[in-house]
Amino acid sequence: MRAAVLHEIGQDKLEVLDDVEAVGFGPGRVRIRVRATGLCHSDVSAMSGVLPQPAPFIPGHEGAGEILDVGDGVTGLAPGQRVLLCWLPACGACAACRRGQTQLCLAGFMNAGTPNFRRPGGDVFGFAGTGTFTEEVVVDAGCAVPIPDDVPFDIAALIGCGVTTGLGAAINTAKVEAGSSVAVIGCGGVGISAIQGARLQGAAQIVAVDPVESRREAALRFGATEAVAPEALGDAKQRITAGEGFDYVFEVVGKSATARTAYETTRRGGTLCVVGAGAMDDHLQLNMFELFFDEKRILPSMYGGGDVLRSYERAIALWRAGRIDLESLITHRVPLAGINEALEQMRTGTSLRTCIEI
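As annotated in an unreviewed UniProt entry, the protein carries the name Zn-dependent alcohol dehydrogenase and is attributed to Streptomyces roseolus. UniProt's Cofactor (unreviewed entry) comment on the protein is quoted here verbatim: "Zn(2+)". Under the Sequence similarities (unreviewed entry) heading, UniProt states for the protein: "Belongs to the zinc-containing alcohol dehydrogenase family."

Trainee: Any details on the overall build of the protein? Residues and values, ideally.
Mentor: A count of helical and extended segments in the protein gives 12 helices and 19 strands. A globule of 358 residues ought to have a C-alpha radius of gyration of about 21 Å, and the protein, at 20 Å, matches this closely. Here the C-alpha coordinates of the protein stretch approximately 60 × 40 × 40 Å along the principal axes. Counting only residues that meet the buried cut, the protein has 55% of its 358 residues in that class. A separation of at least 24 residues holds for 69% of the contacts in the protein among residues at least 6 apart in sequence. Charge separation in the protein, taken as the distance between the mean sites of 31 positive and 41 negative side-chain charges, equals 4 Å.

Trainee: Which residues make up the sheet that holds strand E12 (residues 181-185), and what values do they have?
Mentor: The parallel open sheet is built from 6 strands, whose spatial order is E14-E13-E12-E15-E16-E17. This sheet does not close on itself; its edge strands, each paired only once, are strand E14 (226-228) and strand E17 (297-300). This sheet shows a mean twist of 20 degrees between the axes of neighbouring strands, independent of strand direction. Where E12 meets strand E13 (residues 205-209), 5 bridges bridge the pair, whose relative direction is parallel. Bridge pairing in E13 links Val184 to Ala208.

Trainee: I'd like a description of the UniProt feature "domain: Enoyl reductase (ER)" (unreviewed entry) in the protein, backed by residues and values.
Mentor: Under the present numbering, the feature "domain: Enoyl reductase (ER)" (unreviewed entry) in UniProt falls on residues 10-352. Taken end to end, residues 10-352 comprises 31% helix and 24% strand; its first and last C-alpha atoms sit 23 Å apart.

Trainee: Give a detailed account of the sheet that holds strand E5 (residues 57-58), specifying residues and quantitative values.
Mentor: Taken together, 4 strands build an open sheet; the order of strands is E3-E8-E9-E5 and the sheet is mixed. In this open sheet, the two edge strands, each paired with only one partner strand, are strand E3 (21-22) and E5. Direction of pairing for strand E8 (residues 117-119) relative to strand E9 (residues 122-126): antiparallel, over a ladder of 3 bridges. When the sheet's bridge partners are listed, Arg119 is paired in E9 with Gly122.

Trainee: If you had to explain unusual backbone geometry to someone new, which residues and values would you point to?
Mentor: Along the chain, Ala55 connects to Pro56 via a cis peptide bond; the corresponding omega equals 0 degrees. Residue position: Pro56 is located in the loop between helix H1 (41-48) and E5. Unlike most non-glycine residues, Ala128 shows phi in positive territory, near 55 degrees. Following the sequence through the fold, Ala128 ends up in the loop between E9 and strand E10 (136-140).

Trainee: If you had to explain the pattern of salt bridges to someone new, which residues and values would you point to?
Mentor: The tally for this structure, following the rule as stated, stands at 17 salt bridges. A salt bridge links Glu66 to Arg35, with the shortest nitrogen-to-oxygen separation between them at 2.6 Å. Of this pair, Glu66 sits in strand E6 (residues 62-70) while Arg35 sits in strand E4 (residues 29-38); the two residues are 31 residues apart in sequence, bridging distant segments of the chain.

Quick notes on the rules
Residues numbered from 1 in each chain as written. Predicted model: local features only at pLDDT ≥ 70, side-chain atom pairs only at ≥ 80, totals over all residues. Heavy atoms only, no water. UniProt positions renumbered as here; feature names shortened; annotations may be inferred. Helix = DSSP H or I, 4+ residues; strand = E, 2+ residues; numbered from the N terminus. Rg over C-alpha atoms; globule rule 2.2 N^0.38 Å. Buried < 20%, exposed > 50% of the residue type's maximum accessible area, 1.4 Å probe, protein only. Contact = heavy atoms within 4.5 Å. Lys, Arg positive; Asp, Glu negative; His and termini not counted. Charge placed at Lys NZ, Arg CZ, Asp CG, Glu CD. Pairing = 2+ DSSP bridges. Axes fitted to C-alpha atoms, helices over the stretch in contact; angles between N-to-C directions. Salt bridge = Lys/Arg side-chain N within 4 Å of Asp/Glu carboxyl O.

Right, here's the structure in full:
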């Protein structure tokens, strides 16, 4: 079967090969025919080494498709069923799950160290235990979440990561209050979803911050009340908040420099929500006095900061009701053979989300 493979960490292009086999099928596992997958910035971060991932590997974790086969012991799933892929399934038994923090379950991460593909030359890993830049993938049954028939594969794929992460950051983690002021730094697919989440929560001012003009223009269509380049954020802070700072600031880039800017843009007693996934050696510096004196809440948000199954259901309900726009998030479409074109669209900021149709 065909798949897009990164041979070594640090390479900036993928090779689409037709000699890849999905392996690991058996009890408790399902085989899925991938129909659509989104390109998320985390895929690019894994390729560059910012996020840890063994190689060679197949990127992609934001996917949807249909079940081809189910292993022994799998219940509630059947061949032909439409599903989205959850890259961080909850085991239901660990301490985090028992506390109700299923998004912090580590069971899914354990899958990342087990190859789930093979080529004639050896084993191939799937990013985050999945690897959706391929025609077929074998995953634990918990990774396959059924979707209603009226949800297109491309929309379901977005809900599988970017939409859930951004909406959840605003709704679950930060709990944006009605009438508040919000700034969102980084307006790709996740940032735009955070903007939509803040709008749903009733924020009065939502300032989108991004260096790419087309993304700023898009943010206005999704609910931002103003969109500025990074160098104009200070002026927006002064105009909108009289210099005090925003009630909520979302950092959706994953870099200490933008997190520091976000901290300084948050008002005293306000909330900085860190959504971007950054590198282990990139350290955010805060002095102990400002940490104490400013009383700013710093809230990281992992996969939307809540139960992902409930978050999927909520996103579908909001989409059906016309309360969130998911179709317009997909600005580009390419076949699997055009995956490197999609990577270039993301790196240059010309896309919000590129859908790879398989």
